[in-house]
Every structure is written in C-alpha cells, then in structure tokens.
Amino acid sequence: MEGWDPNTKSTLTQIPLLTVKAGPRDGGAWTQRLKEEYKAMIAYTQMNKSNDNDWFRISAANPEGTRWTGKCWYVHNLLKYEFDLQFDIPVTYPATAPEIELPQLDGKTQKMYRGGKICLTVHFKPLWAKNW
C-alpha cells in the first residue's frame, strides 16, 4: 500500500483481503476465490452505505460467477444518473483485469471504447496492477 493516499489505505483495511489466486479455469480454487470476492464486495458495499457513498449494485449473472451485471449511478446537481453495468471475468483472471462496460455511454466520451468499455490503460489498470 506504499504510495497510496490515507483514504485509500483506510478503505482497504476495512475490506477482507483476497488470499486465493485462482481464475475461472481453476475449479474448486475458483469457487473459493469467488467466496472471497463476495465477502469483499459485501464489506465494501456495507461500508459505502454507512458512509452515505452508495454508488453501485452488481450480482453474478451466471452460476459460475464469470458474468456480472448491475447498475451504477452518479448524482450531479441533485440529478441522479443511472447506468447499466456489466463485465465478464477473463479466463486469465486475476492476472488480467475485467473490462468494465457501461453500454449507455458507448461513444459518448474519450474514456470509453466500443460497447461502452472503460479505458483500462490509464484509468483503471494502474490500481489493478498494484492489487492483483
């Protein structure tokens, strides 16, 4: 956690660490990793709710936990903007970050790619590379 700001460090200390390095091709180990992911996600969501910083809902769209869908939102000038959220877990996960998609924003900003995928090279990958 070296080089991170105090708020990020504080947030991370409240989320259970993931100890199983497994992906969708790893059978039982993937099931264990998925359980850890759920626990971390539940803790993060509860923390956000308690801090009045709730901004997303996601759930597995298939039993294998490789496809996820949900909603995310942002409030600006007292207007709530809500978007569909989706992503697939890559077979090389956790070494490869998932490509997060907001389909309704497809082509509306330079930070998006076709299908509403968020640009991972400069916006998400640096944080991902520190944590996987």
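As the structure is a prediction and not an experimental result, all values here were calculated from the model.

> Sorry, what's going on with the pattern of salt bridges here?
Two side chains that carry opposite charge are able to pair once their charged atoms sit near each other. Scanning all chains against the criterion turns up five salt bridges. A salt bridge links Arg33 to Glu37; the shortest N-O distance between them is 2.8 Å. Placement of the pair is Arg33 and Glu37 together in helix 2 (residues 28-50), with a separation of four residues, close to one helical turn. Each member of the pair, Arg33 together with Glu37, is buried. Between Lys71 and Asp84 there is a salt bridge, with its nearest N and O atoms 2.5 Å apart. In this pair, Lys71 is assigned in strand 2 (residues 67-76) and Asp84 in strand 3 (residues 79-88), connecting sequence segments 13 residues apart. Overall, Asp84 belongs to the partly exposed group, its relative accessible area being 29%.

> Hey, could you run me through the nonpolar core in this one?
Inside soluble globular proteins, nonpolar side chains tend to come together where they are buried. Core analysis: the biggest nonpolar cluster contains seven residues, these being Trp30, Leu34, Met41, Trp68, Phe87, Ile89 and Tyr93. For this core, the element with the most residues is helix 2, which contributes three residues. Sequence-distant contacts of Met41, that is, excluding residues within four places in its chain, are made with Ile58 and Trp68. Phe56, Cys72, Leu85 and Ile100 belong to the second largest nonpolar core, which has six residues in total.

> Whenever I open this one, a nonpolar patch on the surface confuses me. Can you help?
On the surface, a nonpolar cluster with roughly 340 Å² of combined accessible area is contributed by Tyr74, Leu79 and Tyr81. Within the secondary structure, Tyr74 is located in strand 2. For Tyr74, a relative accessible area of 52% gives the class exposed.

Rules used throughout
Residues numbered from 1 in each chain as written. Predicted model: local features only at pLDDT ≥ 70, side-chain atom pairs only at ≥ 80, totals over all residues. Heavy atoms only, no water. Salt bridge = Lys/Arg side-chain N within 4 Å of Asp/Glu carboxyl O. Helix = DSSP H or I, 4+ residues; strand = E, 2+ residues; numbered from the N terminus. Buried < 20%, exposed > 50% of the residue type's maximum accessible area, 1.4 Å probe, protein only. Core = buried A, V, L, I, M, F, W, Y, C linked by side-chain atoms within 4.5 Å. Contact = heavy atoms within 4.5 Å. Patch = residues over 30% accessible without salt bridge, like charges linked within 9 Å, V, L, I, M, F, W, Y side chains within 5 Å. Areas by Shrake-Rupley, 256 points an atom, 1.4 Å probe, with all protein chains shown as cover.

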